[in-house]
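The chain contents come next:
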Amino acid sequence: MERLRQDDPSHIGPYVILARLDADSTERTVPERRYLGRTADGQRTVLVCVPRIGADPSRWAIEAEGARRLSVPRFLGIAEVGGTAGFPWYAAPYTPALPLPAVLAAYGRPLPEETVRRLGAALAQALAAAHTQGATHAGLSPAAVLVTAGGPLLTCVGAVRAAAPDGVGRAGLPGLDPGCLAGELMAGGPPRPLGDVFALGAVLAYASTGHTVPERSELPPGLRTLVGSCLSSDPTARPQSAQDVLRALVSPGSDATSPQDAHPVAGTVLDHATVPLPGRVVAALAAQSAALLATELPSPQRPFAPAQKVH
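Residues numbered from 1 in each chain as written. Predicted model: local features only at pLDDT ≥ 70, side-chain atom pairs only at ≥ 80, totals over all residues. Heavy atoms only, no water.

Student: Which residues make up the overall build of the protein chain, and what are the values?
Tutor: Secondary structure assignment for the protein chain yields 9 helices and 9 strands. Across the 311 residues that make up the protein chain, the buried fraction comes to 48%. Summarising the internal contacts of the protein chain: among those between residues at least 6 apart in sequence, 60% fall at separations of at least 24. Element-wise, carbon and sulfur atoms account for 55% of the exposed surface of the protein chain, whose accessible area totals about 14,600 Å². (Helix = DSSP H or I, 4+ residues; strand = E, 2+ residues; numbered from the N terminus. Buried < 20%, exposed > 50% of the residue type's maximum accessible area, 1.4 Å probe, protein only. Contact = heavy atoms within 4.5 Å. Areas by Shrake-Rupley, 256 points an atom, 1.4 Å probe, with all protein chains shown as cover.)

Student: Explain helix 2 (residues 100–107) to me, using residue names and the numbers behind them.
Tutor: Since the α-helix advances by 3.6 residues per turn, residues separated by three or four positions end up pointing in the same direction. Those residues of helix 2 lying buried are L100, P101, V103, L104 and Y107. Down the axis of helix 2, the smallest arc covering the buried residues is 155°, so these residues share one side. If you follow the buried residues of helix 2, they end up packed against strand 7 (98–99), helix 3 (113–132), strand 8 (145–148), helix 6 (193–209) and helix 9 (279–294). Directly beyond the C-terminal end of helix 2, a positive phi value near 90° is found at G108. (Arc of directions from axis to C-beta.)

Student: How would you sum up the packing of helix 2 against helix 6? Please name residues and give values.
Tutor: Helix 6 packs onto helix 2 with a crossing angle of 15° between their chain directions and a minimal axis gap of 10 Å. Judged on the interaxial angle alone, helix 6 and helix 2 are roughly parallel. The interaxial crossing formed by helix 2 with helix 6 has right-handed handedness. Contacts between helix 2 and helix 6 involve L100, P101 and L104 from the first element and V203, Y206 and A207 from the second. (Axes fitted to C-alpha atoms, helices over the stretch in contact; angles between N-to-C directions. Parallel < 35°, antiparallel > 145°, perpendicular 65-115°, else oblique. Left-handed = near helix turned anticlockwise from the far one by under 90°.)

Student: Describe the packing of aromatic side chains, listing the residues and the values that go with them.
Tutor: The tally for this structure, following the rule as stated, stands at 2 aromatic pairs. Geometrically, the ring pair formed by Y15 and W89 is edge-to-face, given 6.0 Å between the ring centres and 90° between the ring planes. Taken as a pair, Y15 in strand 2 (residues 15–20) and W89 in strand 6 (residues 88–93) lie far apart in primary sequence, 74 residues in all. We classify Y15 as buried; its relative accessible area is 0%. Measuring from ring centre to ring centre gives 5.5 Å for W60 and Y90, while their planes differ by 15°; the resulting arrangement is stacked. Here W60 is found in helix 1 (residues 57–69), whereas its partner Y90 is found in strand 6, with 30 residues between them in sequence. Residue placement shows R109 over the ring face of Y107; its charged tip is 4.4 Å from the ring centre. (Phe/Tyr/Trp six-rings, centres within 6.5 Å; stacked < 30°, edge-to-face > 60°. Lys NZ or Arg CZ within 6 Å of the ring centre and 35° of its normal.)

Student: Give a detailed account of the environment of R69, specifying residues and quantitative values.
Tutor: Looking at the element boundaries, R69 is found in helix 1. Classification of R69 as exposed rests on a relative accessible area of 65%. The spatial distance from the C-alpha of R69 to the C-alpha of A79 is 9.6 Å, given a sequence separation of 10 residues.

Student: Talk me through the nonpolar core; I want residue IDs and the actual numbers.
Tutor: L100, L111, L140, V145, L154, L200 and V245 are the most contacted members of the largest nonpolar core, which has 65 residues in total. Beyond its immediate stretch of four places on either side in the chain, L154 contacts R74, F75, L76, L123, A126, L127, H137, L140, A144 and V145. (Core = buried A, V, L, I, M, F, W, Y, C linked by side-chain atoms within 4.5 Å.)

Right, dumping it as structure tokens:
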């Protein structure tokens, strides 16, 4: 939770804007502007998002509406899409959440391997469910992962599609972490499930090392083979589905690169459990919630009254 700047809006739709979600240090790799807002009567608090300055609002609005219609576990549930053609927005119910970069900042270092495995497995489950429905995330990155006490939520759905016209190279576009973009996407190819697998590998790398393009030696030994295969420039050398990644994360030592035996993994520890979080991260989530609850709505401005002439 960050203080508002002078260039931030005071209102978005029916919501009074209270704070920014993302820190200045990570803003360049967030494909949308994300705020915490509240209704004027103080009854509802939301996460409300708008396009980056300079983005094409019409393309962003199309992706926001598409994300609203998705019903995928662990994808952020968008409740409202609104605004104008030049200033669209969407809103989701607020729950205490930290972007993955803020999680590492709160913890003070990369996350333990077991936490990374559980976090990655939850994300892989979500991607596998989306791919089964014929949808791709097309925007997975550390900033797109919001970590809550109940596990991760995926945001920024469709960021790649919203960022550039079809057929145009996407490398270096504002808001997209180049380390999370598969080569075929950077060349302008359409988003496909194997691009999400590449991005998931980059997120696992980030959670394990603090950046999305690590040296193999930086990765925990138990994740080197999996992450290395996910980040292959050759799509055929990657795990062939998010389900394969899930299998490798919950069953260390399995062959993550084999397309064989692609049936869903059933009865994993993640079906009814949350991702255990380090104490410092839990404290940061609690601090965010407390700070937001303590934030008062700005007092309504009194109408300007001309000075009375004194006789």
